[in-house]
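# Tertiary structure, described
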Amino acid sequence: MSKGFLGLVTTLLAGASLALAQPAPPPPSARPSAPPTEPASDLPSLEPQPGHHPGGPSPCPDAACCWEVPACADPRFWIGAEYLLWWVKEGPLPTPLVTTSPLGSAGILGMPGTTVLFGGDGIDYDTFSGLRGTIGRRLGSSGIYAAELSGFFLEEGTTSFARISDTAGNPLLARPILNAVTVEQTSVLVAAPGSFAGGIRVASTSQLWGAEANLLASLLAQGETGLSVLAGFRYLELDEDLDILSRSNVLPGGVSAFEGMTVLSPDSLAIRDTFGTRNRFYGGQVGLRGSVRRGRLLVDVTGKVAFGDINQVIKIGGRTTLVTPEGIAGIAPGGVLALPSNMGRHGDADFAYIPEAILRASLQITPRLSAHVGYTILYWDNVVRPGDQINRAISLTQVPSSLQFGTGTGDLRLEPRRPRNDSHFWAQGLSLGLAFRY
């Protein structure tokens, strides 16, 4: 129809030129009648129509069309916030930490009636709540490039175990160890009928957080489908600790020791071992993000992988405190599992990679506001965790509460040795959030 209109305009212009070149027109009665024209209301409009952008994407003339037109749904700026409900891989704890048994077995592994109360499997942190925030902006006038900054953190997850005896020392509680000199299973008693009354508490914490900055470039923007490539920088940190605290009150008839001195009733010993780890990842990452829109519903998937350096720190500490009725009488370095041979801060660096996938479904509530639900899974191939750094092979000559303390010779091995055991880690969970775009 537009061709017919242009032809009509051309004809009228040509007719006007010929008219100017002709002599004066004849009287009105002899003037030929003008050809009929179409009513103005039937002519096509030259004004741009909503959703039609001949020169490429342009701002949406009607905000309501942002639910339907992909070009309008491509914002210049966006910001989002999400609530996270995640799970993480159990903390490894291959070492049994607390046992019980009849008095004759002394809580020693492999002896009749010995039962492991805690340790030997894993540490379950249950669920973690957290938050994730994202802010982004298109770069340049083409709309092809964008920058995006995102970060998240999970609350500190805590789990604990505790057992306490009665005043007579029932039930028996022990900390099983391996004598590194004799290579025999033995134990350090926490509570035992007629000898010690006491208790033990094991607590562990875990916290994960991270941030990233990415540049995005659009590879495909056709109809209701989009595909972008991303590249940027990623930081991730995992902090965990494991704390073992026991206290034994010496009963009449019981005997303990503190740095080679005999400890009798009513004195007591408090023993503490702590194992802490920190993993910090710095690296570059690449990935893809694809999306499909159907009316008000948008589904997008992001897959990315980061490669870089991981800084690993292991912190081990131990102390034994002698308490008398008058108060603290002395503090010695070393506990049971944390001794001078492995105590201190140990750092190392290594290579690691971190793949991550995010699936999200969004519903447009208003032209600028949307709500979404999603699922995230993240894998970390090379981390240090507290439970992996425990070694049950102990030289009792280093244990301040042992009757063998200080009796070793130069031929005896100093155990436990400084550790560095790696494992893999994952985190996954659901997200629920809002995003604002304009």
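Structural notes, computed from the coordinates. (Residues numbered from 1 in each chain as written. Predicted model: local features only at pLDDT ≥ 70, side-chain atom pairs only at ≥ 80, totals over all residues. Heavy atoms only, no water.)

Evaluated as defined, the whole model comprises 13 salt bridges. Between Arg234 and Glu212 there is a salt bridge; the shortest N-O distance is 4.0 Å. Taken together, the residues span a long stretch of sequence, with Arg234 in strand E10 (residues 225–250) and Glu212 in strand E9 (residues 196–222) at a distance of 22 residues. Look at the salt bridges and you will find they share partners, linking Glu82, Arg132, Asp300 and Arg360 into a network. (Salt bridge = Lys/Arg side-chain N within 4 Å of Asp/Glu carboxyl O. Helix = DSSP H or I, 4+ residues; strand = E, 2+ residues; numbered from the N terminus.)

All right, on to the layout of surface pockets then. Estimates place the volume of the second largest pocket at around 400 Å³. Ser187, Val188, Leu189, Ser401 and Ser402 are, among the 22 residues lining the second largest pocket, the residues nearest its centre. Of all elements in the fold, only strand E8 (184–191), E10, strand E11 (256–258) and strand E13 (268–294) reach the threshold of two or more residues within the lining of the second largest pocket. Of the residues that constitute the lining of the second largest pocket, the class distribution is 13 nonpolar, eight polar and one charged. (1 Å grid on protein atoms, 1.4 Å probe; cavity = no way out; pocket = protein on both sides within 12 Å on 5 of 7 lines; lining within 4 Å. Points joined across faces, edges and corners; volume = space filled by probe spheres on them. Nonpolar A, V, L, I, M, F, W, Y, C, P; charged D, E, K, R; others polar.)

It is worth spelling out the environment of Tyr375 at this point. You can see Tyr375 is positioned in strand E17 (residues 369–384). Expressed as a C-alpha distance, the spacing of Tyr375 and Leu85, which sit 290 residues apart in the sequence, is 9.6 Å. With residues up to four places along the chain from it excluded, the contact list for Tyr375 reads Ala357, Ile358, Leu359, Gln428, Gly429, Leu430 and Ser431. Side-chain polar atoms of Tyr375 contact the side chain of Gln428, separated by 2.4 Å. (Contact = heavy atoms within 4.5 Å. Polar contact = N/O pair within 3.5 Å; in protein donor to acceptor, adjacent residues only side chain to side chain.)

A few words now on the side chain of Ser228. Tracing the chain through its elements places Ser228 in strand E10. With near-sequence residues (within four places) excluded, Ser228 lies in contact with Ala217, Ser218, Leu219, Gly287, Leu288 and Arg289.

Turning to the pairing of E8, a few remarks are in order. Bridge count for strand E7 (residues 173–179) against E8 is seven bridges, and the pairing is antiparallel. Bridging across to E8, Ala174 finds its partner in Leu189. The hairpin formed by E7 and E8 contains four residues between the paired strands, and Val183 there has a positive phi angle of roughly 55°. (Pairing = 2+ DSSP bridges.)

Where empty space is left can be seen by rolling a probe of water-molecule size over the atoms. This model, assessed by the stated rule, comprises two cavities of 30 Å³ or more. In this model, the second largest cavity occupies a volume close to 40 Å³. Among the secondary structure elements, those contributing two or more residues to the lining of the second largest cavity are strand E2 (91–100) and E7. For the lining of the second largest cavity, the residue count by class is five nonpolar, one polar and two charged.

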